[in-house]
Amino acid sequence: MSGLTHFDAQGRAHMVDVGGKAQTHRVAVASGRIRMQPATLEAIAAGTAAKGDVLGVARIAAIQGAKRTSELVPLCHPIPLTRVAVEFSVDEADAAVACTATAETVGPTGVEMEALCAVQVGLLTIYDMCKAIDRGMTIDGVRLDEKHGGKSGSWVRGAAQGAS
């Protein structure tokens, strides 16, 4: 199982020892979207959804999701986040809401999982707040877009392999 850091030499799951790693500034950006009926999107954009400010609540939920990542993902380290920023954009042509989350820390391990978790929780909150009018919403395209810092340096989706 070489290359998979969450398994020991015997193939057993373990939490990676990051005690000897350098404390560096680390940033990760993730994104995803939720597709819905045009009327659902209209209610969100107009702020007329029955449960209130959908995107405002989803933003707070996404931040909370980033903060609780280590409680949800069993082998993920609890890390001190220095910043979590969440943005939503309405795509009327595709009847979708896109979410982008940026997570930052100064520490020995990255924040990719926190950024990804923030996106998922934000989109799930939109689903929860609007499911009474549209149970057919679809969450898709959740992905890491970029990460910076640490021993492996920078990675940006779409950039040449090995580029920083």
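Below is a short write-up of the structure. (Residues numbered from 1 in each chain as written. Predicted model: local features only at pLDDT ≥ 70, side-chain atom pairs only at ≥ 80, totals over all residues. Heavy atoms only, no water.)

Turning next to the overall build of the chain. Within the chain one finds four helices and five strands. Sequence-ordered secondary structure for the chain, helices as α and strands as β, is β-α-α-α-β-β-α-β-β. Taken along the three principal axes of its C-alpha coordinates, the chain extends 50 × 30 × 30 Å. The buried share among the 164 residues of the chain stands at 38%. For the chain, the proportion of contacts with a sequence separation of at least 24, taken over those separated by at least 6, is 70%. In the form shown here, the chain has an accessible surface area of approximately 9,100 Å², with 55% of it arising from carbon and sulfur atoms. Considering the chain, the positive charge centre built from 16 side chains and the negative charge centre built from 17 side chains are found 6 Å apart. (Helix = DSSP H or I, 4+ residues; strand = E, 2+ residues; numbered from the N terminus. Buried < 20%, exposed > 50% of the residue type's maximum accessible area, 1.4 Å probe, protein only. Contact = heavy atoms within 4.5 Å. Areas by Shrake-Rupley, 256 points an atom, 1.4 Å probe, with all protein chains shown as cover. Lys, Arg positive; Asp, Glu negative; His and termini not counted. Charge placed at Lys NZ, Arg CZ, Asp CG, Glu CD.)

So, about the packing of helix H2 (residues 54-67) against helix H4 (residues 112-130). Direction vectors running N to C along H2 and H4 enclose 145 degrees, while the axes themselves pass 7 Å from each other. In the crossing of H2 with H4, the sense of the turn from one axis to the other is right-handed. Residues Val54, Leu55, Val57, Ala58, Ala61, Ala62, Gly65 and Ala66 of H2 pack against Glu114, Cys117, Ala118, Val121, Gly122, Thr125, Ile126, Met129 and Cys130 of H4. Split by residue class, the contact of H2 with H4 holds 13 nonpolar, three polar and one charged. (Axes fitted to C-alpha atoms, helices over the stretch in contact; angles between N-to-C directions. Left-handed = near helix turned anticlockwise from the far one by under 90°. Nonpolar A, V, L, I, M, F, W, Y, C, P; charged D, E, K, R; others polar.)

So, about the sheet that holds strand S1 (residues 24-35). Taken in spatial order, the five strands line up as S2-S3-S1-S4-S5 in an open sheet, and their pairing is antiparallel. Every other strand in the sheet has two partners, leaving strand S2 (81-91) and strand S5 (155-156) as the edge strands with one partner each. The pairing of S1 with strand S3 (residues 96-107) spans twelve bridges and is classified as antiparallel. Directly across from Arg26, in S3, lies its bridge partner Thr105. Running over the sheet, H2 touches S2 and S3 and is turned about 145 degrees from S2. Along the sheet, H4 makes contact with S1, S2, S3 and strand S4 (138-148), crossing S1 at roughly 25 degrees. (Pairing = 2+ DSSP bridges.)

Moving on, we come to the side chain of Asp145. Relative to the helices and strands, Asp145 resides in strand S4. Judged by its relative accessible area of 14%, Asp145 falls in the buried class. Setting aside residues up to four positions removed in sequence, Asp145 forms contacts with Val29, Ala30, Ser31, Trp155, Val156 and Arg157.

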